[in-house]
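# Reading the structure
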Amino acid sequence: QSRVMRGLTKRDACFCNRFAAYADEGGDGAATRTAPDFNAGAETFEFQAEVSRLMDIIINSLYSNKDIFLRELISNGSDSLDKIRFLSLTDNSQLGEGDAAELDIRIKADKERKVLTIRDKGVGMTKDDLKNNLGTIAKSGTSAFLDQVAKGGDMSLIGQFGVGFYSVYLVADFVEVRSKHNDDPKQWVWQSKADGNFAISEDEGEPIERGVEINIYLKEDAQQYLETSTLENLVHRYSEFINFPIYLYSSEEVAEEVPVEDDEDEDADVSADADEDEDDDDGEDADENDDEEEDDTPKTKTVYNTVWDWKRLNDNKAIWLRSSSEVEESEYSKFYQALAKDSSAPLTYSHFKAEGDVEFKAILFIPEVAPSDYYDNYYNRPSALKLYVRRVFISDEFDELLPKYLNFIKGIVDSDTLPLNVSRETLQQHTSLKTIKKKIVRKALDMIRKLAEEGADAEDDEVADDAADKKNEESKYEKFWKQFGKSIKLGIIEDASNRTRLAKLLRFKTSKSDGKLVSLEQYVERMKEGQKTIYYITGESMDSLKNSPFLEKLIAKDLEVIYFTDPIDEYTMQNLTEFDDFKFSNASKEDLKFGDADDDEKARFKKTKEAFKTFTTWWKSKLPDDAVEAVKVSNRLSTTPCVVVSSKYGWSANMERIMKAQAMGDESRLQYMRGKKTLEVNPRHPMIAALKARAASDPDSAETEAMAKLMYETAMLESGFSFEKPGEYTARVFDMIKTSLGVEKDAELVDETQFHIVEEEEEEEKEEKDSEGTEEAPKKDEL
């Protein structure tokens, strides 16, 4: 290692001499740098029009965060090193021998010439590569970036568009790229002043064996990038986990003990004698003894020398290669923050190694907070996992590694099984990738399950006191559920193979949870003896569900009901039909069963239905045939006279509301899925008894018919439904109010003047007369 360091240091010394002609000594001794011209005989080209426009924007930019240029250049160097390592897998001679085989990135700042140099030992570029890669852009990356900037986008995203190299012009007024490629016997140099032209010529300077060396002539307002402390901080911030060593040529002060010269020794003796004269006689004897002892020891002094050497900046290796027992919690947080560009620590993580037919290492992280637009672009959001193969970065665009509903998970996957020498399209179909996906999904769900088990969700009676003490504290899983609970529900819809695992991760509030979140497992544990169904109800808000008439008998029987208020819950429950062999039952749909009725109760209910058969048939005949399928006696009501329920396989009232709100909804499907409703009546309610009596005594009465329709429409509203003709409902309500007030239905409008108060009219007349008298008074004076 030290041999390599010394060799590079000598070459760098030679490298510095190449630009001696560019440094002029000022009158005050300060060095001023003049940007060099193109090499003599260089072939000159014009930049592609879009590249020129891009460079013009960057050069004249007022963008404050110019630090990104170093991140982009190091990233490009890392990609180049990845490529040469990739080629060496099939041809080891590509790496070369000795110093050239050491893959690293080196940064050096020359304050005298105001030049920052970045060198990598990557694949390098031929003359054509320099022309095509730095002068023209074949793909649409430049256009895409220009459009982003025109919209006020963040320039720090430049690397995402494949044009990160040009960020160097944020800080440079002249750039020189020296390059050597294994396939080209010549070494070339690319130069540009960012004035619309660039030049390429054969490089006659120091050989660089293989790779790229970028010499950046810094602008006057970018001189801070010549400070080693600034460069070191930037590398730590942006590039700490680059796969290859990053070295910075820096200095440090080294202490050294050196012998004291004779002249210095005599001066020290004179000073010592002067001090002795001031001491008393007793002190002189002691000093003389000390001097005798000191004469026997060589005198030395400490001097500090400035030593320049290469210092490695990214000592932290990829932590996924280490055992999880060797990695500290702080290291995981630091790695996550660098990976996800997130300032906060992860909510949780999972570090594991998979063995068997397919071997890979992975670290998965769950962020603490979801992006604000996470679900706005759910199906188009790319995966946040990075795929490596034998430590070589392959891609971060593999949607095959995680299903969509787990795209919030960030991390890396490093496989030793997947092939390197295939295209991305072929790799996507590789059988090993499917196995990796299956294992990653399993580990991700286990990670979420463990997070759920750590939290206190107010489910254990034994810890009720502790839960009360921590009432205001939010568990990690509660934080997770607030941010990503919708993803678990989407997973139940999309991932049938893991539906049972995902169901265990569901959290919701119930009629007995006192506003706290519980799981399905906890619900099942406290089910009443003989209960065979998991009851739930969906709606717009918690308040509306708590006061729903559908729950009257369930609450009376002390049966727990799950409250679902998220619109996606309707879709989720269409796919989740049972849990632990218990069927789900929507309390707002027909054929609701309680499972605790004995034979006597069943017989009594059967007789009640027979007694109401004529009445329910009459009521059904008075309602629209296309809206109401049947009128039945209800077993779910206690205090409400009647409710409207959906058919077993039709949409609930909440689902109808959701579908009507869809901007691109299909009206024909809405009519089909809406289905016919069932009106359930409470046989014990006095209003139903009174209506039954009136229907029996005068079944053709228009007033009784109107009352029956009004009760049905009111039940529709209370059950959460809407109707097509609200005007008819309001007309019936007003007619009923008229009757209650003793107003005839056909009564004519009245003259509003009859309501005027007599006293007020007399007062108004008096004021008018006084006003007239005031106007006449001046006329009398004139006479």
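Here's a quick rundown of the structure.

## With respect to the overall build of the chain
For the chain, the count of helices and strands is 26 helices and 24 strands. Counting every position in the chain, which comprises 783 residues, the buried fraction comes to 43%. Of all intrachain contacts in the chain linking residues separated by at least 6 positions in sequence, the fraction that spans at least 24 positions is 74%. A total of about 43,100 Å² of accessible surface is found on the chain, and carbon and sulfur atoms cover 46% of it.

## Quick look at helix α9 (residues 329–340)
Residues spaced three or four apart along an α-helix point in a common direction, a consequence of the helix completing one turn every 3.6 residues. End to end, α9 covers 16 Å across 12 residues, agreeing with the expected 16 Å (1.5 Å per residue, within 8%). When α9 is considered as a whole, its buried residues turn out to be Y332, S333, F335, Y336, L339 and A340. Buried residues of α9, viewed axially, fall in a sector of 165°; they line one side. Looking at the buried side of α9, the elements it contacts are β12 (348–354), β13 (360–366), β14 (384–389) and β16 (410–415).

## Re the nonpolar core
L406 and F480 are the most contacted members of the largest nonpolar core, which has 75 residues in total. Beyond its immediate sequence surroundings of up to four residues, L406 is in contact with V441, A444, L445 and I448. In this structure, F69, I118, Y166 and V171 belong to the second largest nonpolar core, which totals 52 residues.

## What about the side chain of Q187?
Counting through the fold element by element, Q187 comes out in strand β7 (residues 187–192). Residue Q187 is classed as buried on the basis of its relative accessible area of 10%. Side-chain polar atoms of Q187 contact the backbone oxygen of E206, separated by 3.2 Å.

## Considerations on the environment of Q337
Its location among the elements puts Q337 in helix α9. Residue class for Q337 comes out partly exposed when judged on its relative accessible area of 30%. Taking the C-alpha atoms as reference points, Q337 and R237, separated by 100 residues in sequence, lie 9.9 Å from one another.

## Some words on the environment of D569
Relative to the helices and strands, D569 is located in helix α18 (residues 568–575). Look at D569 and you get buried, because its relative accessible area is 4%. Along the chain, D569 and T538 lie 31 residues apart, while their C-alpha atoms are 7.5 Å from each other.

## Some remarks on the sheet that holds strand β17 (residues 509–510)
Strand order in this open sheet of 5 strands is β17-β19-β18-β21-β20, and the pairing throughout is mixed. Two strands close off the open sheet at either side, each with one partner strand: β17 and β20 (578–579). When β20 meets strand β21 (residues 582–586), the two strands line up antiparallel, connected through 2 bridges. Along β21, the bridge assignment pairs E578 with K583.

## A look at the pattern of salt bridges
According to the stated counting rule, one finds 38 salt bridges in the structure shown. One salt bridge connects K620 with D625, and the closest N-O pair in it is separated by 3.3 Å. Connected through shared salt-bridge partners, R119, R178, D203, E206 and E213 make up one network.

## Quick look at the packing of helix α3 (residues 68–88) against helix α6 (residues 228–238)
The description of two helices packed together rests on the angle between their axes and the distance between the axes. Two elements in contact, α3 and α6, have axes whose closest approach is 10 Å; the angle formed by their N-to-C orientations is 65°. In this structure, α3 meets α6 at a crossing whose hand is right-handed. Contacts from L70, R71 and I74 in α3 reach L231, L234, V235 and Y238 in α6. Tallied by class, residues from the contact of α3 with α6 come to 6 nonpolar, no polar and 1 charged.

## Description of the sheet that holds strand β23 (residues 642–645)
In space, the 3 strands of this open sheet follow the order β22-β24-β23, with mixed pairing throughout. Strands at the two margins of the open sheet, each flanked by one partner only, are β22 (628–633) and β23. The average undirected angle you get between the axes of adjacent strands in this sheet is 20°. Of the pairings in the sheet, the one linking β22 to strand β24 (residues 677–681) comprises 5 bridges and is parallel in character. Bridged to V633 within β24 is V681. Contacts from helix α24 (residues 702–718) reach β22, β23 and β24 within the one sheet, and its direction differs from that of β23 by about 65°.

## Things to note about a nonpolar patch on the surface
A cluster of nonpolar residues, F734, M736, I737, L741 and V743, forms a patch on the protein surface that exposes about 470 Å² of accessible area. Tracing the chain through its elements places V743 in the loop between α25 (726–741) and α26 (758–782).

## What about the packing of helix α20 (residues 613–621) against helix α23 (residues 686–697)?
At a minimum axis distance of 10 Å, the contact between α20 and α23 shows a crossing angle of 80°. Between α20 and α23, the crossing angle belongs to the class labelled roughly perpendicular. Contacts between α20 and α23 involve F615, W618 and W619 from the first element and I688, L691, K692 and A695 from the second. Counted by class, the contact of α20 with α23 contains 6 nonpolar, no polar and 1 charged residues.

## A short note on helix α4 (residues 127–135)
Those residues of α4 lying buried are L130, L134 and G135. Take α4 and look down its axis: the buried residues cluster within an arc of 85°, on one side only.

## Some remarks on a negative patch on the surface
Together, E521, E525, D580 and D581 give the surface a local cluster of negative charge. Exposure remark for E521: the relative accessible area of 35% places this residue in the partly exposed category.

## Overview of the packing of aromatic side chains
Enumeration according to the criterion identifies 29 aromatic pairs in this entry. Taken together, a centroid distance of 5.8 Å and an interplanar angle of 40° make the contact between F480 and F484 tilted. In this pair, F480 and F484 are both assigned in helix α13 (residues 476–494), 4 residues apart and thus about one turn of the helix distant. Among the aromatic residues, those joined into a ring-pair cluster are Y374, Y375, Y378, Y379, F408, Y477, F480, W481 and F484. The ring of Y247 is capped by R106, whose NZ or CZ atom sits 4.2 Å from the centre of that ring. Residue placement shows K557 over the ring face of F594; its charged tip is 5.6 Å from the ring centre.

Quick notes on the rules
- Residues numbered from 1 in each chain as written.
- Predicted model: local features only at pLDDT ≥ 70, side-chain atom pairs only at ≥ 80, totals over all residues.
- Heavy atoms only, no water.
- Helix = DSSP H or I, 4+ residues; strand = E, 2+ residues; numbered from the N terminus.
- Buried < 20%, exposed > 50% of the residue type's maximum accessible area, 1.4 Å probe, protein only.
- Contact = heavy atoms within 4.5 Å.
- Areas by Shrake-Rupley, 256 points an atom, 1.4 Å probe, with all protein chains shown as cover.
- Expected span 1.5 Å × (residues − 1).
- Arc of directions from axis to C-beta.
- Core = buried A, V, L, I, M, F, W, Y, C linked by side-chain atoms within 4.5 Å.
- Polar contact = N/O pair within 3.5 Å; in protein donor to acceptor, adjacent residues only side chain to side chain.
- Pairing = 2+ DSSP bridges.
- Salt bridge = Lys/Arg side-chain N within 4 Å of Asp/Glu carboxyl O.
- Axes fitted to C-alpha atoms, helices over the stretch in contact; angles between N-to-C directions.
- Left-handed = near helix turned anticlockwise from the far one by under 90°.
- Nonpolar A, V, L, I, M, F, W, Y, C, P; charged D, E, K, R; others polar.
- Patch = residues over 30% accessible without salt bridge, like charges linked within 9 Å, V, L, I, M, F, W, Y side chains within 5 Å.
- Parallel < 35°, antiparallel > 145°, perpendicular 65-115°, else oblique.
- Lys, Arg positive; Asp, Glu negative; His and termini not counted.
- Charge placed at Lys NZ, Arg CZ, Asp CG, Glu CD.
- Phe/Tyr/Trp six-rings, centres within 6.5 Å; stacked < 30°, edge-to-face > 60°.
- Lys NZ or Arg CZ within 6 Å of the ring centre and 35° of its normal.

Read these as geometric descriptors, not functional statements.
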